[in-house]
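Per-entry structural report
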Amino acid sequence: MKTCLVVDDSSVVRKIARRILEGLEFEVTEAEDGSKALEVCQHKLPDAVLLDWNMPVMDGFEFMGHMRRLPGGDQPKVVFCTTENNVAHIAQALSGGANEYIMKPFDKDIIADKFAEVGLIPVGQAMV
Amino acid sequence: MTPTEYEYLRKFLRDHSGLDLSADKQYLIESRLLPLARKAGISGIGELVQKLQGAGSGALVTSVVEAMTTNETFFFRDKVPFDHFRDTIMPEIIKARAGRRSVRIWCAAGSTGQEPYSLAMSLKEMGAALTGWRVEIIATDLSQEVLEKAKAGIYSQFEVQRGLPIQMLMKYFKQTGETWQINPELRAMIQHRQLNLLHDFAQLGTFDVIFCRNVLIYFDQDTKINIFNRLARQIEGDGFLVLGAAETVVGLTDTFRPIPERRGLYKPNDARAAAAKPALAGAAPRVAVMAGR
Ligand SMILES: C[S@@+](CC[C@H](N)C(=O)[O-])C[C@H]1O[C@@H](n2cnc3c(N)ncnc32)[C@H](O)[C@@H]1O
C-alpha cells in the first residue's frame, strides 16, 4: 500500500483528504504544520505528500525545501493543495520541486486526476 | 408525464440529435426539461410537448435538443488516447505526410473545447517535428452553447484541474481573476463549427485523424452504423479514428478495424479511391502554420 502524508493546519481539510486518499487505497498519515511533517519524513519518507502552503510554525514551501534535502527526499511526489491560486505561487512551487498543484477547493476527482498525473495511481482509477 | 408525451419526446430526440432514450428515462427528461420550461414560462411537460408540435417552435426545438445533450468533458480525457496520439498517430502521419507537410484533424463532438485544445497542446509539445507544418483542427458539436464556450476558451478553476497537468496550465493559459483562458495562439489553431452528426458532413473534406469520442454511446445501433459508414468516407486511407472508452466498431461495421494493442484506435479498412473531396465550404479554413521554438 502506498503512503501519503497530508499536511494541513485545518483538521477538517485533513479529514476530507484522508477519506478521499483512503478511497484511493493510500495509507494516510497527518501533520498539522511543516515542522511536524518534517519530523514524520525524517522518520520515514512517504510516497506522496499532499501539502498546504500557509501554516503556522513552518509553511509548506519551506517544508518541501527541507524534505527534498533529506536522503531520498527527491523521491516523494509532492502535490500542493492550497488556496494560493495565482501563477506566481504555482511557478514558485514547481521550481521549488513540487510535482503537481491543486488549487482549493478540491474534490475526489481533482485529487484522483492529479495523483494519476504524477503516476501515484493508475489512470483508470481516476475515472471511477 | 403521460406515456404518450414520453413517447413523443423520445422520438423527437431520436430524430433531432440521435439521442436514444430507453423506456425508463422519464426522470432524465424531467430534470433537464422542467427548468427549461419554467424559464420559458411553460407550465409543464404537457404544454412543452404541445408547443413542440405546434408550428414556429424553432428556438424551442433547439433549446430542448441542447438541454438533453450531455456535455461532460475533461482535458486529456482518459489520457491513453492522447498518449496514442503522440506516440502512434502523429509519428505515422509525420512520416506519411512528409511531402505535403500538412495534417487535418476533426473533433466530431468537441463539446466545450477541452478535447480539441488537448490536441492543440499535444501538437505544440511536439515542437520541432512539426515546424512549418500546416495544422488544421476542426471542432464540431451539435450544441451552439458549448461551441461558444469552446471558442472563448475560458475555463473555471475546477475545469482546468480535471486532466490538465499543471505545467500545461502554466504554459498555455492566462489567468484572469478566477478563470483561465487558453492562449490566443492555441485558439487560432482551431476552427469551431456547428454540426449535427445525423446530417451530411461530406463538405468538411477528408481528415487524417478523427476524434469521435463519447457521443456515439448515446445513439442506437443503426445510427452508429450509419455514422461509421459516413465517417469512413471522410478519412484518409491511412488515417486514424479514435473512439471513446465505451465505444467500438466491432460487431457494427467493417469499414473500420481496431488496431491491436492500441485501445480506442481504428483504421479504415478498404483502400477507398482517393476521389477528390471538395475543400471546406463557407468560411475560409483556419490553418495554423506551426512556428518553430
Ligand atoms: C459527452 S460529450 C463528449 C465530449 C468529448 N468528445 C469527450 O469525449 O470528452 C458529447 C457531446 O456530443 C454532442 N452531441 C450530441 N449529439 C450530437 C449530434 N447528433 N451531433 C453532434 N454532436 C452531438 C453534445 O452536444 C456533447 O457536447
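Residues numbered from 1 in each chain as written. Chains lettered and ligands numbered in written order. Predicted model: local features only at pLDDT ≥ 70, side-chain atom pairs only at ≥ 80, totals over all residues. Heavy atoms only, no water.

Attention now goes to the layout of surface pockets. Residues and elements named next belong to chain B. Roughly 490 Å³ of volume is contained in the largest pocket. Taken together, 28 residues form the lining of the largest pocket, with T69, T70, N214, V215 and Y218 sitting closest to its centre. Here the residues of the lining of the largest pocket sort into 12 nonpolar, nine polar and seven charged. Built from parts of two domains, the lining of the largest pocket gets at least three residues from each of domain 1 (3–69) and domain 2 (80–292). (1 Å grid on protein atoms, 1.4 Å probe; cavity = no way out; pocket = protein on both sides within 12 Å on 5 of 7 lines; lining within 4 Å. Points joined across faces, edges and corners; volume = space filled by probe spheres on them. Nonpolar A, V, L, I, M, F, W, Y, C, P; charged D, E, K, R; others polar. Domains from an automatic or database assignment.)

All names here are of chain B. The sheet built from three strands is open, its strands ordered β3-β5-β4 with antiparallel pairing. One side of each edge strand has no neighbouring strand; the edge strands of this open sheet are β3 (154–156) and β4 (173–176). With direction set aside, neighbouring strand axes in the sheet form an average angle of 30°. (Pairing = 2+ DSSP bridges. Helix = DSSP H or I, 4+ residues; strand = E, 2+ residues; numbered from the N terminus. Axes fitted to C-alpha atoms, helices over the stretch in contact; angles between N-to-C directions.)

A separate point is the domain arrangement of chain B. Residues and elements named next belong to chain B. Domains assigned within chain B are domain 1 (3–69) and domain 2 (80–292). One C-alpha centre belongs to domain 1, the other to domain 2; they are set 30 Å apart. Contact residues are listed per partner, giving 10 residues for domain 1 and nine residues for domain 2. Buried area between domain 1 and domain 2, both sides added, is near 750 Å², and the carbon and sulfur share of it is 55%. Applying the counting rule to domain 1 against domain 2 returns five residue pairs in polar contact (both at pLDDT 80 or more). Every element with two or more residues in the side of domain 1 that touches domain 2 is listed here: α1 (3–17) and α4 (58–67). By residue number, the principal contributor to the side of domain 1 that touches domain 2 is α1, which donates four residues. Taken together, the residues of the side of domain 1 that touches domain 2 sort by class into two nonpolar, four polar and four charged. (Contact = heavy atoms within 4.5 Å. Buried area = accessible area lost by both parts, 1.4 Å probe. Polar contact = N/O pair within 3.5 Å; in protein donor to acceptor, adjacent residues only side chain to side chain.)

A separate point is the pattern of salt bridges. In this structure the tally under the stated criterion is 27 salt bridges over all chains. D15 of chain B is paired through a salt bridge with K11 of chain B; the nearest N and O atoms lie 2.8 Å apart. Here the residue D15 of chain B and the residue K11 of chain B both occupy positions in helix α1, the gap between them amounting to four residues, near one helical turn. The exposure class of K11 of chain B is partly exposed, given its relative accessible area of 49%. Where salt bridges share partners, they join R14, R18, E22 and E30 of chain A into one cluster. (Salt bridge = Lys/Arg side-chain N within 4 Å of Asp/Glu carboxyl O. Buried < 20%, exposed > 50% of the residue type's maximum accessible area, 1.4 Å probe, protein only.)

Residues and elements named next belong to chain B. The local shell around the ligand holds 21 residues, among which T73, R77, A109, D141 and N214 are the closest. D141 places a side-chain nitrogen or oxygen 2.6 Å from an oxygen atom of the ligand. Isolated, the ligand exposes 610 Å² of accessible area, and the fraction of that covered by the protein chains is 98%. At a threshold of 2 Å from the grid points, most atoms of the ligand map onto the largest pocket. (Near = heavy atom within 4 Å. Areas by Shrake-Rupley, 256 points an atom, 1.4 Å probe, with all protein chains shown as cover. Sits in = over half its atoms within 2 Å of the grid points.)

At the junction of the two partners, chain B supplies 18 residues and chain A supplies 21 residues. Both faces combined, the contact of chain B with chain A buries some 1,700 Å², and carbon together with sulfur accounts for 58% of it. For chain B, the biggest contributors to the area lost against chain A are Q161, I166 and M170 of chain B; these three give 35% of the whole. With a closest N to O distance of 3.6 Å, R162 of chain B and D109 of chain A form a salt bridge. The tally of links from chain B across to chain A stands at 10 residue pairs in polar contact (both at pLDDT 80 or more).

Right, let's get into the side chain of K267 of chain B. Take K267 of chain B: it is sitting in strand β10 (residues 265–268). Within the structure, K267 of chain B has its side chain in polar contact with the backbone oxygen of D238 of chain B (distance 2.9 Å).

Before going further, it helps to examine the sheet that holds strand β4 (residues 77–82) of chain A. Residue and element names in this part refer to chain A. The five strands lie next to each other as β2-β1-β3-β4-β5, forming an open sheet whose pairing is parallel. Taken across any chain shown, the strands that pair with only one partner, and hence form the sheet edges, are β2 (26–31) and β5 (100–103). Strand-to-strand, the axes of this sheet are offset by a mean angle of 20°, without reference to chain direction. As paired strands, strand β1 (residues 2–7) and strand β3 (residues 48–51) are joined by four bridges and run parallel to one another. Of the residues in β3, the one forming a bridge with L5 is V49. Packed on one face of the sheet, helix α5 (residues 108–117) meets β1, β2, β3, β4 and β5 and runs near 170° to β5.

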